[in-house]
Amino acid sequence: MPQYFGNLQTTEQPWSTIGSVESINKTDRNLHFNCGETSLNISILAPNLIRVRMSPQPPQPPLSKGGQEIIYQPPLTKGGQGGVESRSHSITVPDEEWEITPFEVRETDEKIEIETAQITISVKRDRTSIECFDKSGKPFASDCDRSMGWRTGATAGWKRIEADEHFYGFGERTGFLDKLSEVKTNWTTDSLDYNSQTDEMYQAIPFYIALNPDRAYGIFFNTTFWSQFDIGAEQPGVLRMETRGPELDYYIIYGPEPAQILATYTQLTGRMPLPPKWALGYHQCRWSYESEDIVRELAKEFRDRAIPCDVIHLDIDYMNGYRVFTWSPKRFPDPAKLIADLKAAGFKVVTIVDPGVKYEPEADYEVFDEGVENDYFVRTAEGKLFHGYVWPDKAVFPDFLRPEVREWWGELHKTLTDIGIAGIWNDMNEPAIAERPFGDGGEHISFPLDAPQGPESDRATHAETHNLYGLMMAKACAEGLQKVRSGDRSFVLTRSGFAGVQRYSSVWMGDNQSQWEHLEMSLPMLCNMGLSGVAFVGCDIGGFAGNATAELFARWMQVGMLYPLMRGHSAMSTAQHEPWVFGDRTEKICREYINLRYQLLPYIYTLFWEAATTGTPILRPLLYHFPRDRATYHLYDQVLLGPSLMAAPVYRPGVEHRAVYLPEGTWFDWWTGECYQGPMHILAYAPLERMPLYVRGGGIIAIAPVRQFVSEEPVESLKMLIWPGSGEWTLYEDDGHSFEHEKGVWATTNYKVYLEGEKIIVEIAAREGQFLISEREVIVEVVGVGEQQFRDDGAVRRLTFG
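The text that follows walks through the structure, step by step, so that each part is easy to find. No experiment lies behind these values; they were computed from the predicted model shown. (Residues numbered from 1 in each chain as written. Predicted model: local features only at pLDDT ≥ 70, side-chain atom pairs only at ≥ 80, totals over all residues. Heavy atoms only, no water.)

Concerning the sheet that holds strand β26 (residues 311–314)
Our working rule: Between any two strands, at least two bridges found by DSSP are needed for them to pair. Helix and strand assignments follow DSSP, with helices taken as H or I runs no shorter than four residues and strands as E runs no shorter than two, numbered in order from the N terminus.
Spatial strand order, β39-β38-β36-β31-β27-β26-β25-β41-β40: 9 strands in an open sheet with parallel pairing. Of all the strands in the sheet, the pair left with one neighbour each is β39 (537–538) and β40 (540–541). Here 2 bridges tie strand β25 (residues 282–284) to β26, and the two strands are oriented parallel to one another. When the bridges of β26 are listed, Gln 284 appears paired with Ile 312.

A few points about the pattern of salt bridges
Proximity of charged atoms lets side chains of opposite charge pair with each other. The criterion, for reference: Salt bridges, as used here, are contacts in which a Lys or Arg side-chain nitrogen is within 4 Å of a carboxyl oxygen on Asp or Glu. Here the term buried applies to any residue with accessible area under 20% of the maximum for its type, exposed to any over 50%, and partly exposed to those in between, with areas from a 1.4 Å probe on protein chains only.
Using the criterion set out here, one finds 59 salt bridges in the structure. Residue Arg 591 pairs with Glu 587 through a salt bridge whose shortest N-O separation is 2.8 Å. With a gap of 4 residues between them, Arg 591 and Glu 587 both fall in helix α12 (residues 584–599), about one helical turn apart. The buried category is assigned to Glu 587, whose relative accessible area is 7%.

A few points about the sheet that holds strand β54 (residues 786–792)
For clarity, the threshold we go by: To obtain an axis, a line is fitted to C-alpha atoms, over the contacting stretch when the element is a helix, and the angle between two such axes runs from 0 to 180 degrees between their N-to-C directions. Contacts are assigned to residue pairs that have any heavy atoms within 4.5 Å of one another.
In spatial order, the strands read β48-β49-β53-β54; together these 4 strands make up an open sheet with mixed pairing. Two strands bound the open sheet, and with one partner strand each, they are β48 (700–703) and β54. Taken pair by pair, the neighbouring strands of this sheet meet at an average axis angle of 20 degrees, ignoring direction. Two strands pair when backbone bridges link them, and β48 and strand β49 (residues 717–722) are joined in this way by 4 bridges, in the antiparallel orientation. Opposite Ala 702, over in β49, you have Met 720 as the bridge partner. Running over the sheet, helix α13 (residues 601–614) touches β48 and β49 and is turned about 120 degrees from β48.

Side note on α13
Test applied: Helix span, as expected, comes to 1.5 Å for every residue beyond the first.
Taking 1.5 Å per residue, 14 residues should reach 20 Å; α13 reaches 19 Å between its end C-alpha atoms and fits that length. Judged by how many residues are buried, α13 sits mostly within the fold: 11 of 14 residues are covered. All of the buried residues in α13 are Leu 601, Pro 602, Tyr 603, Ile 604, Tyr 605, Thr 606, Leu 607, Phe 608, Glu 610, Ala 611 and Ala 612. After α13 finishes, the residue Gly 615 shows a positive phi value of roughly 85 degrees.

What about the pairing of strand β53 (residues 776–782)?
Along β53, 6 of the 7 residues are buried, which leaves the element largely enclosed by surrounding structure. Pairing of β49 with β53, which is carried by 6 bridges, proceeds in the parallel orientation. Bridging across to β53, Leu 721 finds its partner in Glu 781. Adjacent in sequence and paired antiparallel, β53 and β54 are bridged by 3 residues, among which Gly 784 carries a positive phi angle near 80 degrees.

In C-alpha cells, the structure reads:
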C-alpha cells in the first residue's frame, strides 16, 4: 500500500546475519567461534550462567600464553562506538573473576554441544544459532532461524518464545505483570504523566525473566546504548533484543525457578547494601514543605496525633534559588537548629539534590565556580559548555562518568551532612532538561548524543552513557555519603538508574497520579522492579499529581504499608495529602496501618537482610514462590511481603468484597484466623478499614511493639507469631545504623515449627553472630492454639503446644 493515512511507504533496512562456523578455539572458560566476517564468543561463567558476545568484526581468538588464558574482548572503537566498557558500571564480577566452571564439549558435523552440570548449549554450525536445554532436554533461550544480525547503527538477536512462556522484570514498567506481546524500550526518560501505555520510563534495566510451568531463565542484555525488547509483538513467537551499540552482548541465566535466577543476576550486577533501619519507617514528603515553620508544624502534628513517622523529605524549595547545596536564608534561616530539633523529636531529614547546577558566573556560587575551574561539567563535541534549563533556570551538568567528578560531587554533600542531614534524594537525573526556562514551556531535551563523557583516556559519547547518568549520580552520592557520614549508614533515593542501581540507592516510581488506576498499577510496577534485582522500591502513597479522595488515600495507605519504601508524597498544585487532612475515619485507618508497618519491622528488616545477601525481592508476586502454578502468572493484584504474608488490596472505589486466590497449601486470615486449604478462590470481605491479609501455614512473623519512630525505645519484648503447619524462618538483628554488621556484629535466630502427632513443636536454635542483645521477653504465640513466653538469653529452646 503506497500510503496509509498520509504516511509514505517505507522499506525496512535489511539485516545482515552471522555466517556459519568455520573454526573453534577453546580455553578454560571460553569457546570462540570464527564465523568468517563475524565472530561469536560463549563464556561459561557458572553452571547456570553463560555470556554470549557477537561482533560483526572478526576479533582475534582468545589465546593461551604460558598456560594463562587471555580473555577474549571484542575491539571497542571510540566516538560513540563503545568507548566505555559497560561491565565496569553494571557488572560487579568480570568474566575472569568467576570460578572456573567445568564443562564438556562434544562436536559433530551439525553442531557443537557445551554441557555444564545444569544446562546444555548447542551451537549449530551451518547458521551459528544457539539452543539451550535443561537436564530433561526442555529448550529455553533458544535462537530463532534468524539468530543474530546487524545493520547500520544496530545489532540484534532473536529468541524463540516457547509455548506457555511468560515474561517479567524489564525494570520500571507500567501496565500488568506479564509483558508478553509488548515492546519495552530501555532509554531513561522523564516520564511525567505516565500511564499504563507508557514505554520509556525513568529507569532502564535491560533484564527479564521468562517463566514456563517447568523451567525459567533470565537474560541480561549487557548494553548501555538505546536498546529494546520486542516480546512477540511484531512477530508472535519471536523475541527480538536490539541495541544501537556495536556488538550483541548478553548473559543467559538458567533457573529453574525465579529465586535462582535472581541470586545469579544479583551476583552479576550487585546487591543492595543494608539500609539504616529508620529508612524502613514511614516517610513524609511534599513539593514542598517550603519553610522551617511548616516543617516544624508537620512534625508536631505527627507526634501529637500518635502517627509513627521517621523521615521528613525536603523538596527543592529548601534551597536558595534552587541552587544545589544551599539553603534559603529567608525560609530556612537556621537549618542546623531545625535538623537538631527534629532529631530530638525522632525525625531524620532527607534533602533533594538535582544534577543541574545554576549557571551563575561571578556570583560567588562555589559549586558552579569549582565545577568550571576544574572542567567538571558536560561539554558538547565542539567543546562548548552544555547548558539547559531546569529549576534554577540556566544550568550546567556534572559529568558523573568521570571518577574525579563523582568524588567532588560526593564531598559536596558534607555541607548537608555536617548539619545533620541523614539521606539524599536524587531527582531529575534522567537527565530531565528543557530547552528554555520551565515557566516558558518548551521541549524536553537531553545532552547531544555526540557529547563526550567519561575519563579522557576512555571517552564515550552520550549515546552510550545516557542510560548511565542517573546510576552514576547515585554512585557519586552513595560513595560521598559513606565518606562524610562518620560511620553511619545513609539513605539514598534516586529517580533514574540502570542495571545495578540497587548497589547505591533505593528507587521510587516517579511522578504518579492520584488515580485508582495508579494505585492498582503500583503493585506490578514494584514487583517487576524486584524481579529486576531492585528490592528497595516504592511509589508515592496517595499519588503525586492530582487530589486523592479520602477513600483512595485510605486504600493507598493500606497498600503502602507493604511497599519496601513507604513514602507519602504530593505535588505543590494539589491539596494537602497528610494522613489527617481527610477526616477522622481516614486518619484512624492510616494510623492503624502505619502502626502495623512498625510492628512488622523485625520481619521486614530481616527481608532487607535477605535482599542484601541473596538478591531476594522484598515485595514478591505470587509466581515467585509458586512458579509451577499457572494461576499466578497473570496475578498482579495480590502480593507477598516476604515468604509468609500475602495481601489482596482493594484498588477500586466503593468495593467491599474482592476475589482472592489462595495457592496450594494452608492459609489463615490475618484478621479472623479462619483457615483455608488451597488452591482455591474465596470472596474476601474488605470494608474500608480492612485490607485482606493472609499467612501461609507454618509462617513465622516477628512482631515488635508500636513505636513513634524506629529508635524511640529499646525493644524489650518481641512476639513471634507462628501459624500451624511446617515452616522455618531466621530472624536477623543488628544495631540498625552502623557498618558493624559488615564485621560480623549481627545476630540470627532460627525458628522452626512442625507437627509431631497431635502436638505443634517450635524449635528455637541458639543465637548466632557477635551482636549482643540484652535479655528480653519473647512471646511465642501459635495462632489459635496458645502462647508461651520466656526471657531470651539466646539459648536453644523447644516449645510444645496443643
